[in-house]
Amino acid sequence: MGLLQLLKSQFLCHLILCYVFVVSGLFINLLQFCTLPVWMVSKQLARRINIRLAYCLSSQMVAMLEWWSGTECTLYTEPQSYRFYGKENAIVVLNHSYDIDFLCGWTFCERFGVLGSSKVLAKKELSYVPVIGWMWYFLEIVFCKRKWEEDRTLVAQSLQKLHDYPEHFWFLLYCEGTRFTPKKHQVSMQVAESKGLPILKHHLLPRTKGFWVTVQNLRGKAAAVYDSTLNFQNNEKPTLLGVLNGEKYHADLYVRRIPLDLIPEDEAECAAWLHKLYQEKDSFQEQYTQTGRFPGPIVSPPRRLWSLINWLFWSCLMLYPLGVLLTGLISSGSMLSIIVSLVFCSAGTVGVPSLWHLYFGGRWLKRVTTTGLINHFLLDCDLYTTCRIMPSQLLNTNHHFLPQLQLEFVG
């Protein structure tokens, strides 16, 4: 391990990275709050300002992946599709298998200049979380409660509001709904078998209702769906902690551009189309497992300096006053000041990484009722559907699974 790599793996460096991200994020949230009066005068101007402010925050994460970790992101795509990237609105369908696949998705957005305006479908609870949640609120991210009766209208209205959005955006969707794990895959494939759906080897069953609602309400605004399949060379298992430690990964992303007009408007036909898409994604993953590459040529755009410049700017802006404050407290020679400094540093040591873990490494607790109603991500392929299963069916499925009904964590 080189000296630089050793430095990157130190906890103090991690603490500094987390501090800069969280404190600068709160400052950016304050600036976003100040755009509310602008919104009353000019909605489009307020939107453009919030796109830039959102970029200031999310590009710090991209810079950590690209410049701190040095992770290489290789893009496989057709040249005729490449010329459209960054020049149109699109729905990006990503597989959800790794801790950092969201970072790779953001890197894809950054390479084509749409990171600041990129959208996701997120849980309503996240809108109350400082930094990322508040940033997404002002960025008009689409939030859902995962209750189909309410979300059918709520999500549709939020998507309709994007029809007059002033800049190109990509709407990132994880149709699997939760991160791939062997246990979730086993249960998901048992559902597939019970519904007569093809078995997937590398993916969970996609949730079709959220996809259908997104496609229907972005028709006329989004031009295409970007089917995106991610994997890592040499069977790497990337983690966010590894990125913080400066470990270098090698990501390969295969992107196909599918015009939105080719996707059926009927809900049942759209669901069948999405299942077929995931069968194709599964075959691409299998090919990658066998050959170490995706089909098609490599046309990777270079990483941009803007994310690094932005990261360095916020680091200097946030660390300078902290350094001055701590230096002044310690140099004063006052025992009280030294104790205050130690308490401050200790609080930061515990609090800042905890917030960081909440945003990117935490797991959201999902409860399952004791009446046998199992949350959608466990046993159903639809985003908003719950599934009733008899205890005998559950025991026949997996006799070790019953204790997991009390608490389930979503990755």
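Counting restarts for each chain, with residues numbered from 1 along the sequence as it is written. In keeping with the predicted nature of the model, local features appear solely for residues at pLDDT of at least 70, side-chain atom pairs appear and are counted solely at 80 or more, and the whole-chain, interface and lining totals rest on all residues. Where side-chain values are given, they derive from all heavy atoms of the structure, hydrogens and water being excluded.

### Considerations on the pairing of strand β3 (residues 119-123)
In step 1: Burial classification: accessible surface area is computed with a 1.4 Å probe over protein chains only, and a residue below 20% of its type maximum counts as buried, one above 50% as exposed, and the rest as partly exposed. Each helix is a run of H or I in the DSSP string that is no shorter than four residues. Each strand is a run of E no shorter than two, and both are numbered from the N terminus. Within β3, 4 of the 5 residues are buried, leaving the element largely enclosed by the surrounding structure.
In step 2: Between any two strands, at least two bridges found by DSSP are needed for them to pair. Judged from the 2 bridges that link them, β3 and strand β5 (residues 170-173) form a sheet pairing that is parallel. Note on β5: the bridge partner recorded for K119 is F171.

### With respect to the confidence of the model for the protein
In step 1: A residue's pLDDT is the predictor's confidence in that residue, given on a scale from 0 to 100. For the protein, per-residue confidence averages 84 on the pLDDT scale, and residues scoring 70 or more make up 82% of the total.
In step 2: In the model, residues 362-411 has pLDDT below 50 throughout and makes 105 contacts with residues more than four positions away in sequence or in other chains. Should any heavy atoms of two residues lie within 4.5 Å, those residues are considered in contact.

### Details of the environment of Y85
In step 1: The residue Y85 is located in the loop between α5 (79-82) and β2 (90-94) in this model.
In step 2: Considering only alpha carbons, one finds Y85 and Y226, 141 residues apart in sequence, at a separation of 9.3 Å.
In step 3: Those residues in contact with Y85, other than ones at most four positions away along the chain, are L75, T77, F112, W170, Y226, V255 and R257.
In step 4: In terms of polar contacts, Y85 uses its side chain to reach the side chain of T77, at 2.7 Å. Whenever two N or O atoms come within 3.5 Å, that pair is a polar contact, provided that in protein one can donate a hydrogen and the other can accept it, and provided that, for residues adjacent in sequence, both atoms are side-chain atoms.

### Regarding the pattern of salt bridges
Proximity of charged atoms lets side chains of opposite charge pair with each other.
In step 1: A carboxyl oxygen of Asp or Glu within 4 Å of a side-chain nitrogen of Lys or Arg is what we treat as a salt bridge. Scanning the model with the defined rule gives 16 salt bridges in all.
In step 2: Taking the shortest distance from any N to any O, the salt bridge between D164 and K43 comes out at 3.0 Å. Of this pair, D164 sits in the loop between α8 (148-160) and β5 while K43 sits in helix α4 (residues 43-68), and the two are 121 residues apart along the sequence.
In step 3: We note a salt bridge from E66 to R111, for which the minimum N-O separation is 2.7 Å. With E66 in helix α4 and R111 in helix α6 (residues 101-111), this residue pair connects regions lying 45 residues apart in the sequence. Across this residue pair, the class does not change: E66 and R111 are buried.
In step 4: One network of salt bridges, in which partners are shared, links D227, R256, K276, E280 and K281.

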